[in-house]
Amino acid sequence: MACLRLVVDGKVTTEVRTFKTTTADLLLLVAWLTVNACTHVAMEATGVYWKPVWHVLDDGEFTLVLANAAHVKNVPGRKTDVNDAMWLAELLAHGLIRGSFVPDIQTQEMRNLMRTRKQLVREQSSHVLRLQKTLEDANIKLDCMLSDVMGKSGRAMIEAMIAGETNPVKLASLADRRVKASPEELREALRGRVTDHHRFLLRLHLGQIDALAAAMATLDAEVAANLEPFRTAVELIVTIPGIKDLAAHAIISEIGIDMSRFPSDAHLLSWACMCPGNDESAGKRRSNRLRKGAAWLKTTLVQCACSAVKKKGSYFQAQFHRLKARRGPKKAIAAVAASILTTIYHMLKDGTTYQDLGGDHFARRSTDQQKNSLVKRLANLGYAVELKPLAA
């Protein structure tokens, strides 16, 4: 449903037409808008259904604006497709639609590859869990002895079970020498009741895991082949603690490399839903939880933050421990993830390299506050102290 809004001799006129979403009808839509000298087009973002319409209109001479459907809702009880089209045209004419971020074609292709890879990783994890469930049904306690069931030792034992081996002594001998469990513990864990039905399911899940691993390897090769436009940005980002190549590819595919579309780092944090929400009524703050959204980017940033806080003597570790004591570990990790995204914004915008502020950054920033706090603690313990600065 398309509404054309024109101003003729100072009078506003509207015309609404219906088009199918086939390419032929979308080209008719473009021709209709072009004949009537339409310059700006606004449309709602609805799942993936807006993309083919956007691609066809993008070939024309239009300024496209993609609207978040939640931000342009009409009055409840008056919703029809015709009213929605007329409402969007009215909002666009008055400049009341804030356009959503639509990346360029290369970034969209990279985003599709990285999101597909993450879905394959999730599917592979599901098959690993089903494989463990099958082992548990056969009373094989392999997951209690090995940190990774699909590691070198676990895979060798599972393949031997599929081949028909049931002797726990022989199965335990396949363990790598680095396995911490003792041979006696392994033998008891591998003493179970494996039937032909279990072997069939183990073979099935193992085949699916291998197929998904091969698909991910193919995707990684495709990503490497298309990485050239993003290579400089990736090389900058991987210098941040907690971020390696895979995470850098995922982050770049979500935010792109052109930071000029975000007026400030705060706008990027808001777009990624990595800043506290505002929920105030009658002078009372009710909730400041992170908003739901940007699930692909947010999960990656949180994973990077969990790795970054493990680096000793780093700013991110100091920030995490500073907030953890007051706000808890989850909010502290979210704050570190937001700091990582802020760092990425300035590095991509200014082309600068990462420089760690150090683990003593907060101590250096608040020397007087720390001094007063320590004096107060000593006073509470019953000591009167007099501070005298050391000679330079």
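Look up: the structure comes first, before these words.
Residues numbered from 1 in each chain as written. Predicted model: local features only at pLDDT ≥ 70, side-chain atom pairs only at ≥ 80, totals over all residues. Heavy atoms only, no water.

In a packed pair of helices, the relevant descriptors are the angle between the two axes and the axis-to-axis distance. Packing of helix α14 (residues 315-327) against helix α15 (residues 329-350) brings their axes to within 7 Å, and their N-to-C directions diverge by 145 degrees. Here α14 runs over α15; the crossing is right-handed. Facing Phe-316, Gln-319, Phe-320, Leu-323, Lys-324 and Arg-327 of α14, the residues of α15 in contact are Pro-329, Lys-331, Ala-332, Ile-333, Ala-335, Val-336, Ser-339, Ile-340 and Thr-343. In terms of residue class, the contact of α14 with α15 is made up of 9 nonpolar, 3 polar and 3 charged. (Axes fitted to C-alpha atoms, helices over the stretch in contact; angles between N-to-C directions. Helix = DSSP H or I, 4+ residues; strand = E, 2+ residues; numbered from the N terminus. Left-handed = near helix turned anticlockwise from the far one by under 90°. Contact = heavy atoms within 4.5 Å. Nonpolar A, V, L, I, M, F, W, Y, C, P; charged D, E, K, R; others polar.)

Take the packing of aromatic side chains next. The full count for this structure, using the stated rule, is 8 aromatic pairs. Seen from their ring centres, Phe-101 and Trp-271 are 5.3 Å apart, and the 75 degrees between their planes marks the pair as edge-to-face. Taken together, the residues Phe-101 in the loop between α3 (81-93) and α4 (105-137) and Trp-271 in helix α12 (residues 265-271) connect sequence positions 170 residues apart. Counting every residue linked through ring pairs, the aromatic cluster contains Tyr-315, Phe-316, Tyr-354 and Phe-362. (Phe/Tyr/Trp six-rings, centres within 6.5 Å; stacked < 30°, edge-to-face > 60°.)

This part is about the pattern of salt bridges. Evaluated as defined, the whole model comprises 17 salt bridges. Between Glu-15 and Arg-17 there is a salt bridge, and its shortest N-O distance comes to 2.9 Å. Of the residues examined, Glu-15 reaches a relative accessible area of 32% and is grouped as partly exposed. By relative accessible area, which is 37% here, Arg-17 ends up partly exposed. In this structure, Arg-178 engages Asp-176 in a salt bridge whose closest nitrogen and oxygen atoms are separated by 2.9 Å. One network of salt bridges, with partners in common, ties together Arg-111, Arg-115 and Glu-254. (Salt bridge = Lys/Arg side-chain N within 4 Å of Asp/Glu carboxyl O. Buried < 20%, exposed > 50% of the residue type's maximum accessible area, 1.4 Å probe, protein only.)

Turning our eyes to something else, we now look at α4. Compared with an ideal rise of 1.5 Å per residue, which puts 33 residues at 48 Å, α4 spans 48 Å between its outermost C-alpha atoms and is within 8% of the ideal. Just downstream of α4, Asn-139 is the residue with a positive phi angle, here 60 degrees. (Expected span 1.5 Å × (residues − 1).)

On the surface, a nonpolar cluster with roughly 520 Å² of combined accessible area is contributed by Leu-378, Leu-381, Tyr-383, Val-385 and Leu-387. By secondary structure assignment, the location of Leu-381 is in the segment after α17 (367-380). (Patch = residues over 30% accessible without salt bridge, like charges linked within 9 Å, V, L, I, M, F, W, Y side chains within 5 Å. Areas by Shrake-Rupley, 256 points an atom, 1.4 Å probe, with all protein chains shown as cover.)

On the surface, a cluster of positive charge is made up of Arg-289, Lys-292, Arg-322, Arg-326, Arg-327, Lys-330, Lys-331 and Arg-365. Looking at the positive patch, the elements with two or more residues in it are α14 and α15. Ranked by residue count, the leading element in the positive patch is α14, at 3 residues. (Lys, Arg positive; Asp, Glu negative; His and termini not counted. Charge placed at Lys NZ, Arg CZ, Asp CG, Glu CD.)

Moving on, we come to the pairing of strand β3 (residues 40-45). The pairing of β3 with strand β4 (residues 63-68) spans 6 bridges and is parallel. In the strand pairing of β4, Met-43 is matched with Leu-66. (Pairing = 2+ DSSP bridges.)

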